[in-house]
Amino acid sequence: MENFEAWNPVHLHFGRGVTSKLPDILPQIGRKALLLIGKGSVKQNGIYNIVAGAINASGIEMIEFEGIKPNPLLSDVRKAVALGIARKVDMVIGLGGGSVIDSAKAIAVSIPGHLDPWDIFKRVVKPERALPVVSVLTLAATGTEMNQFSVIQNEETLEKIGFGHPLMYPVHSFLDPSFTITVNRDYTVYGITDLIAHSLESYFGEGEADLSDRFVFSIVAEAMEFAPHLLADLASYELRARMMWAATTALNGLTGYGRRRGDWTVHALGHSISMLFDTPHGATLSIVYPAWLKYLSSHIPNRISKLGTALFNDGSVDGTIEKITGFFQSIGSPVTLAEAGIIGNDRQKLLEHWVRVQAQGNIYRLGSVDYNFLLTHM
Ligand code: NZQ
Ligand code: ZN
């Protein structure tokens, strides 16, 4: 086991009706909130009324920024930073899925020092302060509600990158599984794919950490077992709750303790797909993972075999890869670029993008031979 620190300051509130605590909690945090929302789902499904009502009941002044899109844009983050500075907000509330909450974090860490978010993400400047972030999650997938990461895309340089900083942990996160009941089937599927990918990115990292491996197996097994039930009954509170907690635990530190680091190549390759073709994040991961496992099979067959034994009682490398791929197919997540509409010259564009941005994880250094190998398997 490697040396590690375990520290997660997020105060998580999980369960039905938890946002009713907002009027008590918000006044302890600040007086004027920037409320960030996406493209309007929360206004259609009534969640906005519940949360805005609770914010108003708290006596906090609320300034709203609407329109954060899936695969969020730097330009929107910059506009919200300018609004927050002009209106002197002292906290940021993200109400939505990962795109909204990631944007809330990027905004919160930019406002106090009047920093440009891209300079922070590109590590040109180091943030020293951040406004407190409150997250109200409406989609189970990313784990952003209990971690310090944010991922945004720069539509000028065509880069989608992540950044993590301890200042960006939400101070409070509200997870009401009933808020996720209106998530459509496709995004429910992508969320399941994403949480499995997070567990595996950690598992294929560096360092022996047996208990963390077992956490990975449990989280993936939970998701694989309950996915078909949830997809057959999208309105089930209980199944939504199970998937929501699985997604949170897949990227809140738990699966990484005792390892030096995770790998994250699949995410880096997937971010290029989202950047170029606006493919939903989870869909990019089910496309890349099967190809990535084939690549890994010549490097770390034993690791794949251990995973297969734990998940499927099948230690064969090929069998494990087939079963994971088959699971993604069974829930309707694409496993080839063509299934996501990426065909013809688009494949060449993707290859060039990987080369240009040097899409890499932490452990395996990929060159053009590897990119070509991966591309031919997706
Ligand atoms: O924009 P609105 O209208 O709100 O609709 C959204 C959006 O169209 C909709 N939605 C959200 N909650 C809903 C709902 N529709 C109905 N009912 C609800 N309750 O779902 C769509 C997708 O939303 P989005 O926030 O984009 O999805 P997700 O939560 O999967 O977030 C994806 C983003 O998170 C990043 C991804 O790269 C991507 O940009 N990630 C963030 C991570 C992190 N911070 O730790 C790690 C992940 O690996 C990931 O990279
Ligand atoms: Zn992810």
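Residues numbered from 1 in each chain as written. Chains lettered and ligands numbered in written order. Predicted model: local features only at pLDDT ≥ 70, side-chain atom pairs only at ≥ 80, totals over all residues. Heavy atoms only, no water.

Caption draft 1: Examining the overall build of the chain more closely. When helices and strands are counted, the chain shows 15 helices and eight strands. Relative to its length of 378 residues, the chain is compact, with a C-alpha radius of gyration of 20 Å against a globular reference of 21 Å. Each of the three principal axes of the chain carries a C-alpha extent, and together these read 60 × 45 × 45 Å. Counting over 378 residues, the chain shows a buried share of 58%. For the chain, long-range pairs separated by at least 24 residues make up 79% of all intrachain contacts whose partners lie at least 6 apart in sequence. Roughly 15,000 Å² of accessible area belongs to the chain as shown, and the carbon and sulfur atoms make up 52% of that amount. (Helix = DSSP H or I, 4+ residues; strand = E, 2+ residues; numbered from the N terminus. Rg over C-alpha atoms; globule rule 2.2 N^0.38 Å. Buried < 20%, exposed > 50% of the residue type's maximum accessible area, 1.4 Å probe, protein only. Contact = heavy atoms within 4.5 Å. Areas by Shrake-Rupley, 256 points an atom, 1.4 Å probe, with all protein chains shown as cover.)

Caption draft 2: View of the nonpolar core. Of all hydrophobic cores here, the largest spans 65 residues; its most connected members are L195, I196, F204, Y289, W292 and W354. Excluding residues that lie within four positions of it along the chain, W354 makes contacts with L269, S272, A359, Y371, L375 and M378. Ranked by size, the runner-up nonpolar core spans 26 residues in total, among them L36, I68, W118 and F163. (Core = buried A, V, L, I, M, F, W, Y, C linked by side-chain atoms within 4.5 Å.)

Caption draft 3: Representation of the sheet that holds strand β2 (residues 32-37) within the structure. The parallel open sheet is built from six strands, whose spatial order is β1-β8-β5-β4-β2-β3. If you trace the sheet from one side to the other, it starts and ends with β1 (11-14) and β3 (61-66), each paired once. On average, each strand axis in the sheet is inclined to that of its neighbour by 15°, with strand direction left out of account. Where β2 and β3 come together, six bridges link them in parallel fashion. (Pairing = 2+ DSSP bridges. Axes fitted to C-alpha atoms, helices over the stretch in contact; angles between N-to-C directions.)

Caption draft 4: Representation of helix α4 (residues 74-86) in the model. The end-to-end C-alpha distance of α4, which contains 13 residues, comes to 18 Å, matching closely the 18 Å that a straight helix rising 1.5 Å per residue would cover. The set of residues buried in α4 consists of L74, D76, V77, A80, V81 and G84. Within α4, the buried residues cover an arc of 155° as seen down the axis, which keeps them to one side. Exposed residues on α4 whose side chains face more than 90 degrees from its buried face are K79 and A86. Its buried side turned inward, α4 meets β2, β3, α5 (98-110), α6 (117-121) and β6 (149-154). Following α4 by one or two positions, K88 has its phi on the positive side, about 55°. (Expected span 1.5 Å × (residues − 1). Arc of directions from axis to C-beta.)

Caption draft 5: The arrangement of the packing of helix α14 (residues 345-357) against helix α15 (residues 368-376) in detail. It is the contact of α14 with α15, at a shortest axis distance of 10 Å, that shows an interaxial angle of 145°. Viewed along their axes, α14 and α15 form a crossing whose handedness is right-handed. Each of R347, L350, L351, W354 and V355 in α14 lies in contact with α15, whose residues at this interface are Y371, N372, L375 and T376. For the contact of α14 with α15, the per-class residue count stands at six nonpolar, two polar and one charged. (Left-handed = near helix turned anticlockwise from the far one by under 90°. Nonpolar A, V, L, I, M, F, W, Y, C, P; charged D, E, K, R; others polar.)

Caption draft 6: Local environment of the side chain of T320. Along the chain, the position of T320 falls in helix α13 (residues 317-331). Separated by 3.3 Å, the side chain of T320 and the backbone oxygen of D314 make a polar contact. What T320 contacts, discounting residues up to four positions off in sequence, is I304, G308, F312, D314 and G315. (Polar contact = N/O pair within 3.5 Å; in protein donor to acceptor, adjacent residues only side chain to side chain.)

Caption draft 7: Spotlight on the site of ligand 1. The full set close to ligand 1 counts 32 residues, and G98, S99, D102, K160 and H198 are the nearest of them. Within the side chain of N45, an N or O atom sits 3.5 Å from a nitrogen atom of ligand 1. Here an oxygen atom of ligand 1 and a backbone polar atom of G98 are 2.7 Å apart. Elements with a contribution of two residues or more to the shell around ligand 1: α5, β6, α7 (185-203) and α10 (265-277). When the residues that make up the shell around ligand 1 are grouped by side-chain class, the tally is 11 nonpolar, 17 polar and four charged. (Near = heavy atom within 4 Å.)

Caption draft 8: Spatial organisation of the packing of helix α8 (residues 210-232) against helix α12 (residues 301-312). Where α8 contacts α12, the two axes come as close as 10 Å, and the packing angle between them is 50°. Taken as axis vectors, α8 and α12 run oblique relative to one another. In the packing of α8 onto α12, the handedness of the crossing is right-handed. Contacts from D210, D213, F217, V220, A221 and M224 in α8 reach R303, K306, L307, A310, L311 and F312 in α12. When the residues that make up the contact of α8 with α12 are grouped by side-chain class, the tally is eight nonpolar, no polar and four charged. (Parallel < 35°, antiparallel > 145°, perpendicular 65-115°, else oblique.)

Caption draft 9: Region of interest: the environment of E238. When you line up the elements, E238 lands in helix α9 (residues 237-250). Sequence-wise, E238 and V369 are 131 residues apart; in three dimensions their C-alpha atoms are separated by 46 Å.

Caption draft 10: Quick peek at the coordination of the zinc ion (ligand 2). Coordination of the zinc ion (ligand 2) by the protein involves D194 (OD), H198 (NE2), H267 (NE2) and H281 (NE2), with metal-donor separations of 2.0 to 2.1 Å. The sequence motif formed by the donor residues of the zinc ion (ligand 2) is D-x3-H-x68-H-x13-H. Here H198, found in helix α7, pairs with H267, found in helix α10; they are 69 residues apart in sequence, far enough to count as distant. (Donors = N, O, S within 2.8 Å, 3.2 Å for Na, K, Ca; no water.)

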